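Examination of the molecular architecture
Below are the chains, spelled out letter by letter.
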Amino acid sequence: MNTSWRSAVSYAAIVTLVSLAVGEVVDLLWNPEPPTRNWATNALLTPDRLAFPLVAIIVLVEARLVLPARSRWTTAGVDTALYALVLLLVTAAEAVAYDGPPADSAFVMLIFALFTLQLPAAFALSAWRSGHLAPGGRSALTS
């Protein structure tokens, strides 16, 4: 274990939720139509929209607890790749559940996440927050 639980959960929640918020805001600004009254409910609180943040936070917490501590940019690259992989797999699973083409919709979602700055925000937030990860487990006892 390289990081304390508290630090890993804080890191994963910030990276996931803030990058999602950046993507939603850019999407909202990019869309020429004004948002409807229940935009927040439709955009954030539907069950299929809640699956990705939950799975991404779990995967990033496990990654920080299991993977060895590396440089800030290596950590950001690995965690952004995991974030993108989770986005790809959750979107493919949702497409299968709704009888859509899983590969097409998953890769379109990745491109959309890149254009709405969700993936770049995840990379930047991961690089920023990786410097704040507190050691835990055996590494905390030896330092």
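Everything numeric in this text was worked out from a predicted model, so none of it was measured. (Residues numbered from 1 in each chain as written. Predicted model: local features only at pLDDT ≥ 70, side-chain atom pairs only at ≥ 80, totals over all residues. Heavy atoms only, no water.)

**Observations regarding the overall build of the chain**
The secondary structure content of the chain amounts to seven helices and zero strands. Going from the N terminus to the C terminus, the chain shows its helices and strands as α-α-α-α-α-α-α. For the chain, the proportion of contacts with a sequence separation of at least 24, taken over those separated by at least 6, is 77%. (Helix = DSSP H or I, 4+ residues; strand = E, 2+ residues; numbered from the N terminus. Contact = heavy atoms within 4.5 Å.)

**Brief notes about unusual backbone geometry**
Despite not being glycine, Leu117 has its phi angle at roughly 65 degrees, a positive value. By the element assignment, Leu117 lies in the loop between α5 (102-115) and α6 (118-130). Looking at Leu117, the relative accessible area reads 42%, which means it is partly exposed. (Buried < 20%, exposed > 50% of the residue type's maximum accessible area, 1.4 Å probe, protein only.)

**Regarding the pattern of salt bridges**
Under the criterion given, the structure shown has one salt bridge. Notably, a salt bridge pairs Arg64 with Asp79, separated by 3.0 Å at the nearest N-O pair. With Arg64 in helix α3 (residues 47-66) and Asp79 in helix α4 (residues 72-97), this residue pair connects regions lying 15 residues apart in the sequence. Accessibility classification places Arg64 together with Asp79 in one group, the buried group. (Salt bridge = Lys/Arg side-chain N within 4 Å of Asp/Glu carboxyl O.)

**Here we look at the packing of aromatic side chains**
All told, the structure shown has three aromatic pairs when counted by the stated rule. For the ring pair Phe52 and Tyr83, a centre distance of 5.2 Å and an interplane angle of 85 degrees mean the geometry is edge-to-face. Taken together, the residues span a long stretch of sequence, with Phe52 in helix α3 and Tyr83 in helix α4 at a distance of 31 residues. By relative accessible area, Tyr83 is classed as buried at 1%. When the ring centre of Trp128 is taken as origin, the NZ or CZ atom of Arg129, which lies over that ring, is 5.3 Å away. (Phe/Tyr/Trp six-rings, centres within 6.5 Å; stacked < 30°, edge-to-face > 60°. Lys NZ or Arg CZ within 6 Å of the ring centre and 35° of its normal.)

**So, the environment of Phe112**
Examined against the element boundaries, Phe112 turns out to sit in helix α5. Between the C-alpha atom of Phe112 and that of Gly23, which follows or precedes it by 89 residues, the distance is 8.9 Å. Dropping the residues within four chain positions of it, Phe112 is found in contact with Asp27 and Trp30.

**Re the nonpolar core**
Judged by nonpolar contacts, the single largest core of 24 residues is most densely connected at Val15, Phe52, Tyr83, Leu110 and Leu119. Element by element, the count of residues in this core is highest for α4, at seven residues. The residues touching Leu110, leaving out its near neighbours within four places in the chain, are Ala84, Leu87, Leu88 and Leu119. (Core = buried A, V, L, I, M, F, W, Y, C linked by side-chain atoms within 4.5 Å.)

**Considering helix α1 (residues 5-30)**
End to end, α1 covers 37 Å across 26 residues, agreeing with the expected 38 Å (1.5 Å per residue, within 8%). Buried residues of α1: Ser7, Ala8, Tyr11, Ala12, Val15, Thr16, Ser19, Leu20, Gly23 and Glu24, and no others. (Expected span 1.5 Å × (residues − 1).)

**Some thoughts on a nonpolar patch on the surface**
A cluster of nonpolar residues, Trp30, Ile111, Phe112 and Phe115, forms a patch on the protein surface that exposes about 440 Å² of accessible area. Among the elements that make up the nonpolar patch, the one with the highest residue count is α5 (three residues). Residue classification places Phe112 among the partly exposed residues on the basis of a relative accessible area of 33%. (Patch = residues over 30% accessible without salt bridge, like charges linked within 9 Å, V, L, I, M, F, W, Y side chains within 5 Å. Areas by Shrake-Rupley, 256 points an atom, 1.4 Å probe, with all protein chains shown as cover.)

**Overview of the packing of α1 against α6**
In the contact formed by α1 and α6, the axes pass within 8 Å of each other and the chain directions differ by 150 degrees. On the basis of the axis angle, α1 is roughly antiparallel to α6. Pair α1 / α6 crosses with right-handed handedness. Along the contact surface, α1 presents Ser10, Tyr11, Ile14, Val15, Val18, Ser19, Leu20, Val22 and Gly23, while α6 presents Gln118, Ala121, Ala122, Leu125, Ser126, Trp128, Arg129 and Ser130. (Axes fitted to C-alpha atoms, helices over the stretch in contact; angles between N-to-C directions. Parallel < 35°, antiparallel > 145°, perpendicular 65-115°, else oblique. Left-handed = near helix turned anticlockwise from the far one by under 90°.)

The values are spatial; any link to function lies outside them.
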